[in-house]
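Residues per chain, in single letters:
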Amino acid sequence: MVVRRSREEWKIYGNVFDKFTIDVLQRLEARGHFDALASGIALGKEANVFTATPAKAGEDYVIVKIYRLENCNFKKMYEYLKFDPRYMHTKPSKRFVVFAWCQREYRNLLIAREAGLRCPTPLAFKDNVMVMSLIGDGKKGTAAKQLKDTAPKDPEAFSKLLLKDIKKLWKKGLVHGDLSAFNLLLYKEKPVFIDFSQSSPTSAPNAKELLKRDLKNVASYLKRHGVDIDMEKEFKSISTQ
Ligand SMILES: Nc1ncnc2c1ncn2[C@@H]1O[C@H](COP(=O)(O)OP(=O)(O)O)[C@@H](O)[C@H]1O
Ligand SMILES: [Mg+2]
């Protein structure tokens with residue numbers, strides 16, 4: 001049985017979120033995507049990320065990513081969207097830009113799943129809120145660590161998986177665009193890609209530039225862990241497949 005939260009219970013979030021966002025959260029909860037926000041795991045530049053308890057007993061915790069309608073760098077977001085052929089006609093209004101940003105991450109995650117990447121499953125989105133599967137222990141609601149806070153036991157094997165995935169994603173027509181030790185999680189010794197809000201189609205005019213930057217970030221992480229990759233060779237092999 002899905003237990004609905006009363007308006008009173010949602011009011012406690014009033015100090016944290018604006019009324020509009022509380023309404024969106026309430027609708028997603030009413031549709032059975034989660035029960036309640038459990039704990040905050042990150043306060044990012046554009047979004048706040050929470051774990052949320054499952055709507056039904058026995059199901060897994062989920063992740064709720066809430067894009068802020070205020071205090072976000074909406075001008076920078078708009079500049080990024082203009083490069084993406086799918087969003088180049090987005091109106092330059094703060095609200096539209098944030099909604100497009102959220103929708104874009106949801107759609108990018110669908111493509112990444114189709115490409116066979118290890119990444120969260122997008123479960124729902126509405127306006128400025130996205131719900132996705134939790135990478136980590138879904139029963140306890142504990143998220144896997146970011147790569148910046150941990151290290152793979154076998155960096156060589158890890159690097160092979162990572163490069164293979166970047167290649168698979170490009171082949172499916174997408175480049176991550178913000179790949180770093182912050183946006184990669186280590187789960188069961190394998191890389192899991194998260195944060196697809198800056199991902200663009202490979203047809204975008206800046207796609208190759210984004211790929212280069214992703215490879216550079218990955219290479220510098222791997223170097224610190226004793227693995228040297230030939231950036232130029234990888235770039236060619238990925239972008240000309
Ligand atoms: N699906 C997920 N499973 C587990 N942890 C997650 C998930 N999504 C995000 N996180 C955690 O929240 C942090 C912020 O999420 P991210 O999508 O990178 O947002 P931001 O755009 O603010 O950087 C991540 O670095 C990660 O630690
Ligand atoms: Mg991030």
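Residues numbered from 1 in each chain as written. Chains lettered and ligands numbered in written order. Predicted model: local features only at pLDDT ≥ 70, side-chain atom pairs only at ≥ 80, totals over all residues. Heavy atoms only, no water.

Novice: Honestly, the packing of helix H3 (residues 74-83) against helix H4 (residues 94-114) in this entry has me stumped. Any pointers?
Specialist: The description of two helices packed together rests on the angle between their axes and the distance between the axes. Their axes nearest at 10 Å, the elements H3 and H4 cross at an angle of 55°. The angle between H3 and H4 places the two elements in the oblique class. In the packing of H3 onto H4, the handedness of the crossing is left-handed. Here Phe74, Met77, Tyr78, Tyr80 and Leu81 of H3 come into contact with H4, specifically with Lys94, Val97, Val98, Ala100, Trp101 and Arg104. (Axes fitted to C-alpha atoms, helices over the stretch in contact; angles between N-to-C directions. Helix = DSSP H or I, 4+ residues; strand = E, 2+ residues; numbered from the N terminus. Parallel < 35°, antiparallel > 145°, perpendicular 65-115°, else oblique. Left-handed = near helix turned anticlockwise from the far one by under 90°. Contact = heavy atoms within 4.5 Å.)

Novice: I would appreciate a short explanation of the pattern of salt bridges in the present structure.
Specialist: Pairs can form between side chains of opposite charge whenever their charged atoms are close. Throughout the structure, instances matching the rule amount to 17 salt bridges. When the shortest N-O distance is used, the salt bridge between Lys65 and Asp195 registers 3.2 Å. Of this pair, Lys65 sits in strand E3 (residues 62-67) while Asp195 is found in the loop between strand E11 (190-193) and strand E12 (200-201), placing the two residues 130 residues apart along the sequence. Residue Lys65 is classed as buried on the basis of its relative accessible area, which comes to 8%. With its nearest N and O atoms 3.5 Å apart, the salt bridge here joins Asp165 to Lys168. You can see Asp165 and its partner Lys168 sitting in helix H5 (residues 155-171), three residues apart, about one turn around the helix. A single salt-bridge network, built from bridges that share partners, covers Lys65, Glu105 and Asp195. (Salt bridge = Lys/Arg side-chain N within 4 Å of Asp/Glu carboxyl O. Buried < 20%, exposed > 50% of the residue type's maximum accessible area, 1.4 Å probe, protein only.)

Novice: How should I be thinking about the sheet that holds strand E1 (residues 37-43) in this particular structure?
Specialist: Backbone hydrogen bonds hold the strands of a sheet together, and the pairing may be parallel or antiparallel. Pairing within the open sheet is antiparallel, and its five strands lie in the order E1-E2-E3-E5-E4. Of all strands in the sheet, those bounded by a partner on one side alone are E1 and strand E4 (122-126). Ignoring strand direction, the axes of neighbouring strands in this sheet form an average angle of 20°. Judged from the six bridges that link them, strand E2 (residues 47-52) and E3 form a sheet pairing that is antiparallel. Within the sheet, the bridge partner assigned to Thr51 lies in E3 and is Ile63. Strands in contact with helix H2 (residues 19-30) are E1, E3, E4 and strand E5 (129-133); relative to E5, the strand with the most contacts, it is inclined by about 40°. The sheet strands contacting H4 are E3, E4 and E5, and the helix crosses E4 at an angle near 165°. (Pairing = 2+ DSSP bridges.)

So yeah, pure geometry; function would need other evidence.
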